[in-house]
Each structure stands twice: as structure tokens, then as C-alpha cells.
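Breakdown of the fold
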Amino acid sequence: MDLLRLIHGYQFGTALALLFPTPYALATLVLFLWSLGPAIGRQVRTGFLVWLRLTWALTLIPVVTGIILAVGGAKVPSAVNVGGGLTRYGLPYDPSRDWEHWMYSALCLLSLYVIEVLVKGRLIRHQTGLRYLPVATLFLYGCAYMVGRVAVFPGSTPGT
């Protein structure tokens, strides 16, 4: 279980963690920046598709390990009282953060699916879909950022 916790909960410990707290958030930020090219040029290149597949992998690894940990009874650190009403990070615990973590994870999966639809041009014209690609990838980055944030910091209702 410790190996699963290590894989699932890896976070950057530098000042750049304010911009991207996890490797997954970094991958989605790069995907957002890279999506500007297809949106402007109206053409998806192989490099973007490879990075999109890597982002899928970086999504599914924490999802699978998180499901295994949840089945084992684990919750996000911000939702667990380790004593004195504090989390392992020394912040007030907030049980509502556990479901928020799940919600943002589900939104990440949904966003990746929407990005795939936009890139392939399934529901709307390919050229039109590429215009919306930066919006979808920015939303994905925001959700990926919040996945890491809600795991550490309490929300507006700590202790309840």
C-alpha cells in the first residue's frame, strides 16, 4: 500500500508547485500550451497526439491507484484527522474534500474524452472543434490542478 500511496500522491516540493503541484498537472499545462498550435493552425500534428496519449497514461495511473486505495479505506490527506483536528500537513482536516477529489478526477476523465472528440472531429467539424481545443485543455488543467490542491488543503468547511 505504501508503494501505491507513493505513486498516487507524488507532488512537487518546489515553489513551482503553485503552478503545477503534480506531474499530472504539469502534463496538462503542457497540453494546454501545445493546444494553441492546432487551434491557430487548424491542424493536429503527431507530437500533440503523442502528448495527449501520455496525458491519458498520467491520468489513468493515479485513477487506478486511487481506486485501489479507496477500496482499501484510504481517503485524501486533507480529509483525514491525524490528531488534534489536523491533517498530516498540519492544516485543519475537512472530510468534504474527499468527494471533491473524486469529482475533479471524474471531470479530468470527461475533459480528456471531450478533447479526443474535438481532435477527431466526431460530433462537430474538425476545424471548428480545434478552435475549442484550448478551452477544453485549459479546463483539464484547472481540474488537474484542483485534484492536487484538494488533496492537501482544507476547504471552506474544515472540521465538519
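This text follows the structure it describes.
What counts and how
- Residues numbered from 1 in each chain as written.
- Predicted model: local features only at pLDDT ≥ 70, side-chain atom pairs only at ≥ 80, totals over all residues.
- Heavy atoms only, no water.
- Helix = DSSP H or I, 4+ residues; strand = E, 2+ residues; numbered from the N terminus.
- Buried < 20%, exposed > 50% of the residue type's maximum accessible area, 1.4 Å probe, protein only.
- Contact = heavy atoms within 4.5 Å.
- Areas by Shrake-Rupley, 256 points an atom, 1.4 Å probe, with all protein chains shown as cover.
- Lys, Arg positive; Asp, Glu negative; His and termini not counted.
- Charge placed at Lys NZ, Arg CZ, Asp CG, Glu CD.
- Salt bridge = Lys/Arg side-chain N within 4 Å of Asp/Glu carboxyl O.
- Phe/Tyr/Trp six-rings, centres within 6.5 Å; stacked < 30°, edge-to-face > 60°.
- 1 Å grid on protein atoms, 1.4 Å probe; cavity = no way out; pocket = protein on both sides within 12 Å on 5 of 7 lines; lining within 4 Å.
- Points joined across faces, edges and corners; volume = space filled by probe spheres on them.
- Nonpolar A, V, L, I, M, F, W, Y, C, P; charged D, E, K, R; others polar.

Turning our eyes to something else, we now look at the overall build of the chain. When helices and strands are tallied, the chain shows 5 helices and 0 strands. The order of helices and strands in the chain, counted from the N terminus, is α-α-α-α-α. Within the chain, buried positions represent 37% of all 160 residues. In the chain, of all internal contacts separated by at least 6 residues, the share reaching a separation of at least 24 is 68%. For the chain, the accessible area works out to roughly 8900 Å², and carbon and sulfur atoms hold 70% of it. Measuring between centres, the 12 positive side-chain charges of the chain sit 16 Å from its 5 negative side-chain charges.

Attention now moves to the pattern of salt bridges. Overall, the coordinates contain 3 salt bridges when judged by the stated rule. A salt bridge links E116 to R53, with the shortest nitrogen-to-oxygen separation between them at 2.8 Å. Highlighted residues: E116 in helix α4 (residues 97-120) and R53 in helix α3 (residues 46-71), separated in sequence by 63 residues. Residue classification places R53 among the partly exposed positions, given a relative accessible area of 38%. Of the charged contacts, one joins E116 and K120 as a salt bridge, the two residues approaching to 3.8 Å between their closest N and O atoms. Here E116 and its partner K120 are both found in helix α4, 4 residues apart, which amounts to about one turn of the helix. Look at the salt bridges and you will find they share partners, linking R53, E116 and K120 into a network.

Here the focus is the packing of aromatic side chains. Evaluated as defined, the whole model comprises 2 aromatic pairs. Here the aromatic rings of W34 and W51 are separated by 6.2 Å at their centres, their planes lie at 40°, and the arrangement is tilted. Separated by 17 residues along the polypeptide, W34 in helix α2 (residues 23-41) and W51 in helix α3 bring together distant segments of the chain. Taking the relative accessible area as the measure of exposure, W34 reaches 36% and is therefore partly exposed. Relative accessible area serves as the criterion here: at 24%, W51 is assigned to the partly exposed category. When the ring of Y141 is compared with that of Y145, the centres are 6.3 Å apart and the planes differ by 45°; the resulting orientation is tilted. In this pair, Y141 and Y145 are both assigned in helix α5 (residues 126-152), 4 residues apart and thus about one turn of the helix distant. For Y145, a relative accessible area of 23% puts it in the partly exposed group.

Right, let's get into the layout of surface pockets. Over the atoms rolls a probe the size of a water molecule, and its path tells where empty space is left. Taken as a whole, the largest pocket encloses approximately 990 Å³ of empty space. Taken together, 39 residues make up the lining of the largest pocket; nearest its centre are H8, G9, L69, H101 and A151. The set of elements that each furnish at least two residues to the lining of the largest pocket consists of α1 (2-8), α2, α3, α4 and α5. For the lining of the largest pocket, the element with the most residues is α3, which contributes 9 residues. In terms of residue class, the lining of the largest pocket is built from 26 nonpolar, 9 polar and 4 charged. Considered as a void within the structure, the second largest pocket measures approximately 210 Å³ in volume. The wall of the second largest pocket is formed by Q11, F12, A17, L18, P21, Y145, G148, R149, V152 and F153. Looking at the lining of the second largest pocket residue by residue, the classes come out as 7 nonpolar, 2 polar and 1 charged.

Even without glycine at this site, R42 takes up a positive phi of about 60°. With respect to the helices and strands, R42 occurs in the loop between α2 and α3.

Turning our eyes to something else, we now look at the environment of V147. Looking at the secondary structure, you find V147 in helix α5. Sequence separation between V147 and L6 is 141 residues, and the spatial gap between their C-alpha atoms is 16 Å. Aside from chain neighbours lying at most four places away, what touches V147 is H101, Y104, S105 and C108.

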